[in-house]
Amino acid sequence: MIAPSMRGLRPAALGPDVLAGLTLLAIAVPEQMATARLAGMPAAAGLYAFVVGSALFALLGPDRWTSVGADSTIAPIIAAAVAGVAVTGSARYLHLVSLLALMVGAVLAAVGLLRLGWISELMSTPVVTGVLAGIGVEILVREIPAVLGLPGGGSSTLDRLRLIVDQLHDVHGIDGAIAAGVLGCIVLAERVDRRIPGALAGLVVSTGAVAAFHLVAHGVAVVGALHGGLPAVAFPSGSWTDARHLLVPALTIAFVCVAQTTATVRSGGVAPSSGELDRDLLALGASSLGAGMLGSFAVDSSPPRTEVVRASGGRTQLSGVVAAALVLLVALFATGLLHDLPDATLGAILLFVATRLLRLRELRAIWRFDLLELFLAVVTLVVVALVGIEQGVLVAVLLSLAERTWRAARPRDAVLGREPGTTHWIPPDVGRPTEQVSGVLVYLLYAPLWFGNAEHVAQRIRGLVRSQAEPVRALVLDADGVPEIDYTGARRLGELARELRGAGVTTAIARSSHLVHHDLKHSGLIADIGPELLFASVEEAVEALAKGPAPGGRGVSGGMA
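Summary of the structure given here.

As a further point, take the environment of A414. Inspection of the secondary structure puts A414 in strand β3 (residues 413-415). For A414, a relative accessible area of 11% translates into the label buried. Remark: the alpha-carbon pair of A414 and V141, spanning 273 residues in sequence, is separated by 48 Å.

Here it is as structure tokens:
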């Protein structure tokens, strides 16, 4: 069977994918080992997560570039969830992490099979930015002890920060120097060319320095012995009680995976079809299932690694397969070379990853765009960092829906004016002069008219009619910005039209679509206001209503109920 992303690949075109695979290898080895530690797992588990994730996604996923493996976005959620029911590092902990991977994989596979990828749209970009930034803050706080050679500890972000402050007098200078050097390598490589494996260079140099100068004897903490070889394929042990404890974290991780994979796949500039995205999610689910069966942990797509594959000239998932094969060789035969790998090196790599998650440029862009959306991002960030990632994701979804509901319930609108010398009716704030027709108010609503905003819109129109300098004899509702009207909206509009009619104001509707016309007809509103008061254009409505007084013969300047 030929993998979807590699169909049509010819031997002569293998070169770019092989080169991209080598670049991906150099980035993946240190990153996957560091991410494994973030999840509370052995470093080798991160390598196996990358191998199985890359291989299964290449086999099943249609996207050509997405890199799948251990990911720092979900690793803290994994660690926090399982640490609540098992001691970190214990055999039970390892089994439950793998059980959680199976649960996440099953949820993702179901999402793909049931074509539910659209659930990623339940979080707006600002709150997604807040979630990622909050995870970044948590990673920073977790890894500061490693880069400073401190004991660390604590069960929450605030508790960890307190312990770091209390332990500052015990900072280990050599660990700090190693971390600073590795960070310098990574930052320099990023500035020159993102394809340069700065993390790998830092790993090799720092490991060599520890071995050459016997720095373990000077108190430098190292990874120690890594168990290589092929992992056993087995179903992880765990009770139904364990599964119940892990259900909410599994759903949270799956939701984050859906959101991140959707963003990663779409970052290529060509939006995938819904069917392709659902197949990608199915492939991601299969990857986590495979990782769980090999004793590793749940995997996710990686936006930075995916971008590296694109930038390196990768054309298909062959680049991921090449990298996975080489990482497997490292896991099988080269783990002995990593015995003297400093903990500070992995901590420095994770610190750099955390800074990428903070997305300060995105937060500044949100600030410039809208303070309310910045507030949502900051609230999400604080909840994720100080309370928990699961709670933060829940808050993010609720805030996204609440913000959108509030905006829909308080929609934007405009009083239109005629552009002089034309028949165009435009808002007065578009930079062109406008004029009003005496006695006629033209009102444009930029939203559906529904039960959540119907009373607000009625109050808004009532206030506008009262506030006009001249008495209003006719109201023209420009329905061009109204995609639909529900039953409550139609009823409230009919009540408002009767109220205005009693005050001497005729209500007309212009530019309604066939869908809105259907809503108006079946609600009885057309019959109520009169079919002769539906117009194809605003100008036509204004001309008809400006010729004479409305039925009832008087304008409105006040006194409306």
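The next thing to look at is the sheet that holds β3. Strand order in this open sheet of five strands is β3-β6-β7-β8-β9, and the pairing throughout is mixed. Where the open sheet ends on each side, the last strands, each with one partner, are β3 and β9 (534-535). Where β3 lies against strand β6 (residues 440-445), three bridges are found, and the strand directions are antiparallel. Pairing of A414 across the sheet is with L444, part of β6. Lying on the sheet, helix α17 (residues 454-467) is in contact with β3, β6 and β7 (474-478); it crosses β6 at an angle near 155 degrees.

Along the polypeptide, T261 turns up in helix α9 (residues 240-266). Setting aside chain neighbours within four positions, we find T261 in contact with L281, L284, D300 and S301.

As a further point, take the packing of helix α15 (residues 371-386) against helix α16 (residues 389-409). Two elements in contact, α15 and α16, have axes whose closest approach is 8 Å; the angle formed by their N-to-C orientations is 165 degrees. Considering the angle they form, α15 stands roughly antiparallel to α16. Considering the relative orientation of α15 and α16, their crossing is right-handed. When α15 is examined against α16, the residues L372, E373, L376, V379, T380, V383 and V384 are found in contact with a partner set consisting of I389, Q391, G392, V393, V395, A396, L399, E403, W406 and R407. Looking at the contact of α15 with α16 residue by residue, the classes come out as eleven nonpolar, three polar and three charged.

Moving on: the pattern of salt bridges. Enumeration according to the criterion identifies 21 salt bridges in this entry. A salt bridge links E455 to R492; its shortest N-O distance comes to 2.6 Å. Of this pair, E455 sits in helix α17 while R492 sits in helix α18 (residues 487-502), placing them 37 residues apart in sequence. Residue D528 pairs with R498 through a salt bridge whose shortest N-O separation is 2.7 Å. Here D528 is found in helix α20 (residues 525-529), whereas its partner R498 is found in helix α18, with 30 residues between them in sequence. The partly exposed category is assigned to R498, whose relative accessible area is 40%. Within the structure, one salt-bridge network assembled from shared partners comprises R37, E143 and D343.

Turning next to the pairing of β6. Among the six residues in β6, six count as buried, and that is most of the element. The two faces of β6 match: V440, V442 and L444 on one face and L441, Y443 and L445 on the other face are all buried. In this sheet, β7 lies alongside β6 in parallel orientation, the contact comprising five bridges. Residue V442 lies in a different strand from β7, and its bridge partner there is V476. Handedness of the crossover joining β6 and β7 through α17 is recorded here as right-handed.

Counting residues in hydrophobic clusters, the biggest one holds 99 residues, and the most contacted among them are M33, I78, L100, M123, L246, I253 and F297. Core analysis: the second largest hydrophobic core is formed by 29 residues, L464, L493, V516 and I529 among them.

Let us look at the packing of aromatic side chains. Counted under the stated rule, the structure contains one aromatic pair. On the basis of an interplanar angle of 80 degrees and a centroid distance of 4.8 Å, the ring pair of W450 and F451 is categorised as edge-to-face. F451 gets classed as exposed once you look at its relative accessible area, which sits at 59%.

Relative to each other, α9 and α16 sit at 60 degrees, their axes nearing to 10 Å. Overall, the two elements α9 and α16 adopt an arrangement that is oblique. You can see that α9 and α16 cross each other, and the crossing is left-handed. Residues V248, P249, T252, F255 and V256 of α9 form the contact with α16, whose own contacting residues are E390, V393 and V397. Residues of the contact of α9 with α16, tallied by class, amount to six nonpolar, one polar and one charged.

In the Ramachandran plot, R115 falls in the positive-phi region, its phi being about 55 degrees despite a non-glycine side chain. In this fold, R115 is placed in the loop between α4 (91-113) and α5 (125-148). Of note, H214 is a non-glycine position whose phi angle comes to about 50 degrees, a positive value. Topologically, H214 is positioned in the loop between α8 (198-212) and α9. Classification of H214 as exposed rests on a relative accessible area of 57%.

What follows is about the side chain of T35. Along the polypeptide, T35 turns up in helix α1 (residues 14-38). Looking at T35, the relative accessible area reads 1%, which means it is buried. Leave out the neighbours within four places in its chain, and T35 touches A70, D71, S72, A75 and L350.

Thresholds applied
Residues numbered from 1 in each chain as written. Predicted model: local features only at pLDDT ≥ 70, side-chain atom pairs only at ≥ 80, totals over all residues. Heavy atoms only, no water. Helix = DSSP H or I, 4+ residues; strand = E, 2+ residues; numbered from the N terminus. Buried < 20%, exposed > 50% of the residue type's maximum accessible area, 1.4 Å probe, protein only. Pairing = 2+ DSSP bridges. Contact = heavy atoms within 4.5 Å. Axes fitted to C-alpha atoms, helices over the stretch in contact; angles between N-to-C directions. Parallel < 35°, antiparallel > 145°, perpendicular 65-115°, else oblique. Left-handed = near helix turned anticlockwise from the far one by under 90°. Nonpolar A, V, L, I, M, F, W, Y, C, P; charged D, E, K, R; others polar. Salt bridge = Lys/Arg side-chain N within 4 Å of Asp/Glu carboxyl O. Right-handed = clockwise from strand over helix to strand, strands pointing away. Core = buried A, V, L, I, M, F, W, Y, C linked by side-chain atoms within 4.5 Å. Phe/Tyr/Trp six-rings, centres within 6.5 Å; stacked < 30°, edge-to-face > 60°.

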